[in-house]
Amino acid sequence: MSGPEPAAPPPSLDEILDRLQSGAPVSPDDMALHLTVGPPGERIANNARIALSLLASGRAADARRFAERAWTLSRHAPQLLDLFHATLGQDLEAKRKSLRDAARRTAREGQIGATIGLLDHYTHFRAINGHDNWYEFDWDALASLRALAERWACPRRPIEPLEGRRLKVAILIYGADHVGSIITREAVAFASHHDRNRVDLRFYVPVPRERVSPSSLAELARAAEQGVAVEFAPSDAGDTALVALGHGIARWGADILFTTAVLASTALYFVQSLRPAHVNVALVQGQIPIYTSPETDFAILRRAEYALDCPCECAHIPHEMELPDLASVHPASRRDIGVPEDAFVIAASGRTVKFASPQYWDMITGALMRRPDAWFVAIGPGTPDGSTPQVPLSAPEDVLTRIRFLPWTPTPLSFISLADVVVDTFPIGGSATLAEAMALGKPCIGFRRPAMIFYDHNDHGDNGMVLQLPELRVPLGDRNAFISLVDRLGSDAAFRTELGKACQRQVHEVYGQPWRSVARYEAIWFDLIRRRLEGAA
């Protein structure tokens, strides 16, 4: 009598993967043999390979369990991030948090560039993927970056008395690598009004020169012509380029580090965390968790309501800016953007997230339906290839054909100058864009909000800071009032001209004297250093 036949050997992992990809059944016991035996690295790799095979067969939900296990066992290895994200589908919050977890891993390993790239992606993930403008402080992520910066912290140095010398202020520029950076342009305008006898300014750009956009290079060249030195992150320093930049600020002897959006890019926060200056001051012109940090010593606020959530000592200083004049603007052609010469043109400008409200588009399309001669030009949300951007727009075809989407440009005023009327965006509005349009003599429509107890990043606007003419401020959400005002501006040319001139006068009175803001900034800087000197005495 022969004995029992020997048991078939368990399938190899390659055989299991082939079955998974073909959709054939696989015994959980057979799979477990490759997931419970062996060192962690082998089990991580096996989970990842199984997840890939399941993905290849269209079973993302099943793949997620294995990808998530590989991700966890690897302690959030960045090389597994793409695989993990591929299994998460539309779970945007899980994707966002995984970016932070990977950044904490790279920070522990001392990888500066990788950490900053991951944290920047994490910071803006909602805005990029969900049209959500909400930001918040992530204390763990910030602590990881501070701990990383501590390895390269600048040596401490005493504060020199102010007598007989100028105050040294290093301005750390955000957005110089962006096309048409408003922050860069305003920083250069700021420099032209500073007190050269008392303050020594120097610009520091946290990206190498070759990555700076042509429009920002042109603005920074203006600063150099005014005697303000400009330093770029070195292009040959690899992962320690920001360390070199920060230590350069310290060697120069900066008293104040003045940041222009310290958490919009965590590169700026990393430089601040090196402590290259005696006092860190943030200029806040937007969401608190983007423009300042809990470790900032002092924040200068362009809007009073920012103080509601500001985590550091702060003061409100109304913002004023250099305003354009019509003679300096080279208008684009209506023909070039497919708009009839005799059309009544309404325009708005801003980031894509500012055009994400269905209620806003309902009001715009309502105005276009009231006036068949009206066209709407949205400057900012357009795509380079001319495709329709992802905005919540629904309207009859004859209305849709009268809407033009343009991508952001270094010269948005070229298109604003074509408009008969300019409209603010909501629920996220702007002030600088309104001010520039008003300076060109365009009647601008804004939205009047009730007083705010809580500042909402997804619901804020000018609210009378720049545009103060009651005739042009519509109650927020009042569709009928908005459509009626647009209709009257389109029908009554004299009324439109009168309000355009009134806008121009008003903006120059309340918003067009930047030297007043600069003088108040400088007074705060001197006071902060004097307080430090008194504390050190």
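What comes next concerns the included structure. (Residues numbered from 1 in each chain as written. Predicted model: local features only at pLDDT ≥ 70, side-chain atom pairs only at ≥ 80, totals over all residues. Heavy atoms only, no water.)

### Describing the overall build of the protein chain
Using the following cut-off: Put simply, DSSP H or I for four residues or longer makes a helix, DSSP E for two residues or longer makes a strand, and each gets a number counted from the N terminus. Exposed residues in this analysis have more than 50% of their type's maximum accessible area, buried residues have under 20%, and partly exposed residues fall in between, with area computed by a 1.4 Å probe over protein chains only. Contact criterion: two residues are considered in contact whenever any of their non-hydrogen atoms come within 4.5 Å of each other. All accessibility values rest on the Shrake-Rupley procedure with a 1.4 Å probe; residue burial counts only the protein chains present in the view. Charge counting follows a simple rule: Lys and Arg are positive, Asp and Glu are negative, and His as well as the terminal groups are ignored. Charge positions come from single atoms, namely NZ of Lys, CZ of Arg, CG of Asp or CD of Glu.
If you tally the helices and strands in the protein chain, you get 20 helices and 13 strands. Projected onto its principal axes, the C-alpha positions of the protein chain cover 110 × 70 × 40 Å. Burial status across the protein chain gives 54% buried among its 537 residues. Sequence-distant contacts in the protein chain: of pairs separated by 6 or more residues, those separated by 24 or more amount to 71%. Accessible surface, the protein chain: about 23800 Å² in total, of which carbon and sulfur atoms supply 52%. Considering the protein chain, the positive charge centre built from 56 side chains and the negative charge centre built from 64 side chains are found 3 Å apart.

### Description of the environment of Ala103
Checked against the element boundaries, Ala103 lands in helix 6 (residues 92–108). The spacing of Ala103 and Tyr122 is 19 residues in sequence and 8.9 Å in space, taken between C-alpha atoms. In this structure Ala103 touches Thr115, Leu118 and Leu119, once residues within four positions along its chain are discounted.

### Things to note about the side chain of Glu436
Structurally, Glu436 is set in helix 17 (residues 432–439). The buried category is assigned to Glu436, whose relative accessible area is 8%. Leaving out residues up to four positions away in the same chain, Glu436 has contacts with Arg185, Met321, Pro324 and Leu413.

### Some remarks on the pattern of salt bridges
Heads up, the condition is: Any Lys or Arg side-chain nitrogen found within 4 Å of a carboxyl oxygen on Asp or Glu counts as a salt bridge.
Here the structure, examined in full by the defined rule, presents 32 salt bridges. Here Arg96 makes a salt bridge to Glu93, at a shortest N to O gap of 2.8 Å. Taken together, the positions of Arg96 and Glu93, both in helix 6 and three residues apart, correspond to about one turn of that helix. The partner of Arg302 in a salt bridge is Glu186, with the nearest N and O atoms 2.8 Å apart. Within this pair, whereas Arg302 is found in the loop between strand 6 (298–301) and strand 7 (313–316), its partner Glu186 is found in helix 9 (residues 182–191), the two being separated by 116 residues in sequence. In terms of burial, Arg302 and Glu186 fall into one category: buried. Each of the salt bridges in this network shares a partner with another, and the network as a whole consists of Glu93, Arg96, Arg126 and Glu136.

### Focus: the pairing of strand 2 (residues 199–205)
Here is the rule we go by: When DSSP locates at least two bridges between a pair of strands, those strands are taken to pair. When the strands point away from the viewer, a crossover counts as right-handed if the route from the first strand across the helix to the second turns clockwise.
Counting buried positions along strand 2 gives six out of seven residues, so the element sits mostly inside the fold. When strand 1 (residues 167–172) meets strand 2, the two strands line up parallel, connected through six bridges. Residue pairing for strand 2: Ile171 is matched across the bridge by Phe203. What joins strand 1 to strand 2 is helix 9, and the crossover it makes is right-handed.

### Focus: the sheet that holds strand 7
Under the convention used in this document: Here an axis means a line fitted to C-alpha atoms, over the contact stretch when the element is a helix, while the angle between two N-to-C directions is reported on a 0 to 180 degree scale.
Here we have seven strands laid out as an open sheet, ordered 3-2-1-4-5-6-7, and parallel in their pairing. Edge positions in the sheet fall to strand 3 (229–232) and strand 7, since each has one partner strand and no second. On average, each strand axis in the sheet is tilted by 25° relative to the strand beside it, whichever way the strands run. Sheet topology places strand 5 (residues 279–284) next to strand 6; four bridges connect them, and they run parallel. Among the inter-strand pairings, Val284 is bridged to a residue of strand 6, identified as Leu301. Across the face of the sheet, helix 11 (residues 241–252) comes into contact with strand 1, strand 2, strand 3 and strand 4 (256–259) while running at roughly 170° to strand 2.

### Let's talk about unusual backbone geometry
Positive phi outside glycine occurs at Arg75, with the angle close to 60°. On the secondary structure map, Arg75 appears in the loop between helix 4 (60–73) and helix 5 (81–87). Its identity is not glycine, yet His76 carries a phi of approximately 65°, on the positive side. Mapped onto the elements of the fold, His76 is located in the loop between helix 4 and helix 5. You can call His76 partly exposed: its relative accessible area is 23%.

### Comments concerning the packing of aromatic side chains
Rules: Put simply, two rings from Phe, Tyr or Trp (the six-membered ring, in Trp's case) pair if the centres are within 6.5 Å, and we call them stacked under 30 degrees between planes, edge-to-face over 60, tilted for the rest. We call a charge positioned above a ring when the Lys NZ or Arg CZ atom is no farther than 6 Å from the ring centre and deviates by at most 35 degrees from the ring normal.
Evaluation of the coordinates by the stated rule reveals 16 aromatic pairs. Relative to Tyr360, the ring of Phe355 lies with its centre 6.2 Å away and its plane at 75°, an arrangement referred to as edge-to-face. The same class applies to Phe355 and to Tyr360, which are both buried. Each member of the aromatic cluster is reached from another via a ring pair, and the members are Phe355, Tyr360, Trp361, Phe376, Phe405, Phe426, Phe447 and Phe482. Arg198 extends its terminal NZ or CZ atom over the ring of Phe526, reaching a point 4.1 Å from the ring centre. Cation over ring: Arg488 sits above Phe495, and NZ or CZ is 3.6 Å from the ring centre.

### Description of helix 14 (residues 358–370)
An α-helix turns once per 3.6 residues; consequently, residues spaced three or four apart project the same way. Under the convention used in this document: Multiplying one less than the number of residues by 1.5 Å gives the expected span of a helix. In the analysis that follows, any N or O atom pair within 3.5 Å is treated as a polar contact, provided that within protein one partner can donate a hydrogen and the other can accept it, and provided that, for residues neighboring in sequence, both atoms belong to side chains.
Its 13 residues place the ends of helix 14 18 Å apart at the C-alpha level, agreeing with the 18 Å of an ideal helix rising 1.5 Å per residue. Where helix 14 is concerned, the buried positions are Tyr360, Trp361, Met363, Ile364, Thr365, Gly366, Ala367 and Leu368. Two or three places before Gln359, at the opening of helix 14, Ser357 has a side-chain oxygen 3.3 Å from that residue's backbone nitrogen.

### Things to note about the nonpolar core
Counted only if it meets this: What makes a nonpolar core is a set of buried Ala, Val, Leu, Ile, Met, Phe, Trp, Tyr and Cys residues whose side-chain atoms join them at distances within 4.5 Å.
Within the largest apolar cluster, 75 residues are counted, with the highest numbers of intra-cluster contacts made by Leu20, Ile50 and Phe270. Among the elements that make up this core, the one with the highest residue count is helix 7 (residues 112–130) (seven residues). Leaving out residues up to four positions away in the same chain, Phe270 has contacts with Ile112, Ile116, Leu145, Leu148, Ala149, Trp152, Leu242 and Val243. Within the second largest apolar cluster, 65 residues are counted, among which are Met363, Ala435, Ala439 and Phe495.

### Quick word on helix 12 (residues 266–273)
Within helix 12, eight of the eight residues are buried, which leaves it mostly tucked inside the rest of the structure. Among the residues trailing helix 12, Arg275 stands out with phi positive, at a value near 55°.

### Considerations on the sheet that holds strand 11 (residues 421–423)
Strands in a sheet are paired, the pairing made by backbone hydrogen bonds, and the direction either parallel or antiparallel. Read from one edge of the open sheet, six strands run 10-9-8-11-12-13, paired in parallel fashion. Strands at the two margins of the open sheet, each flanked by one partner only, are strand 10 (403–407) and strand 13 (473–475). Strand-to-strand twist across the sheet, computed as the mean angle between neighbouring axes with direction ignored, equals 25°. Note: strand 9 (residues 374–380) against strand 10, five bridges, orientation parallel. Paired with Ile379 across the bridge in strand 10 is Leu406. Contacting strand 8 (344–349), strand 9, strand 10, strand 11 and strand 12 (444–448), helix 14 crosses the sheet at an angle of about 145° to strand 9.

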